[in-house]
Each structure stands twice: as structure tokens, then as C-alpha cells.
Amino acid sequence: MRAVVNGKLVDLPTGATVEELRARLPEIGNDDVMEEGFGGTKPLKETDALKEGSKIWSVPKIVKG
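Note that the coordinates shown come from a computational prediction; the quantities given were computed from them, not determined experimentally.

A.B. asks: Is there a simple way to think about the nonpolar core in this case?
C.D. replies: Side chains of a nonpolar character, in soluble globular proteins, are inclined to be buried together. With 14 residues, the main nonpolar core has V5, L12, L21, V33, L50 and I56 as its most contacted residues. Those elements that provide at least two residues to this core are β1 (2-5) and α1 (18-24). Leave out the neighbours within four places in its chain, and L12 touches M1, A3, L21, R24 and L50.

What follows is the structure, given as C-alpha cells:
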């Protein structure tokens, strides 16, 4: 399965979850993972499976200080 993650085409196993994506791409870290779709952008949970051809973005968490 292929998906676009932060603008890069990435090969992932079929049915990969957000948790597996974090393990494969350590640069994502604890960032919020968002999926771009026809209805807009939605946040994904750790157990959500990624779809073929998905456009995935990681967004750093906002830290108030």
C-alpha cells in the first residue's frame, strides 16, 4: 500500500495503523496525525487504519507555556 506522508510517497503494509506509521517514521514522534480527504482534514486515532493513496500530515502539538 502506498500513501503520501508529509509530502513523501511511502510504502506501508496493507491495513497499517497510525501506531505502525509512527514506528516506521520516527520523525513523526508524538505529532497529531491528520488525513486529508474530500470532506476536509480529520485527525486520526492511533488504531485507525490508513487507506491506499491517503494524504497524511503530521502536525506538532501546541504547547502553551
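A.B. asks: Sorry if this is basic, but what is going on with the sheet that holds strand β3 (residues 32-37) here?
C.D. replies: The strands making up a sheet associate through hydrogen bonds between their backbones, and the pairing can be parallel or antiparallel. Spatial ordering of the open sheet is given by β2-β1-β5-β3-β4, a layout of 5 strands whose pairing is mixed. Each having just a single partner strand, β2 (8-11) and β4 (40-43) make up the two edges of the open sheet. Across the sheet, the axes of successive neighbouring strands diverge by a mean angle of 35°, strand direction being ignored. In this structure, β3 lies alongside β4, joined through 4 bridges in antiparallel fashion. By the bridge assignment, E36 is partnered in β4 with T41.

A.B. asks: How do you make sense of the environment of D48 when you look at a structure like this?
C.D. replies: With respect to the helices and strands, the residue D48 is situated in the loop between β4 and β5 (55-59). Assessed through its relative accessible area of 26%, D48 is described here as partly exposed. With 32 residues separating them along the chain, D48 and A16 place their C-alpha atoms 8.4 Å apart. Setting aside its immediate chain neighbours within four residues, D48 contacts A16, T17 and V18.

How each quantity is defined
Residues numbered from 1 in each chain as written. Predicted model: local features only at pLDDT ≥ 70, side-chain atom pairs only at ≥ 80, totals over all residues. Heavy atoms only, no water. Core = buried A, V, L, I, M, F, W, Y, C linked by side-chain atoms within 4.5 Å. Buried < 20%, exposed > 50% of the residue type's maximum accessible area, 1.4 Å probe, protein only. Helix = DSSP H or I, 4+ residues; strand = E, 2+ residues; numbered from the N terminus. Contact = heavy atoms within 4.5 Å. Pairing = 2+ DSSP bridges. Axes fitted to C-alpha atoms, helices over the stretch in contact; angles between N-to-C directions.

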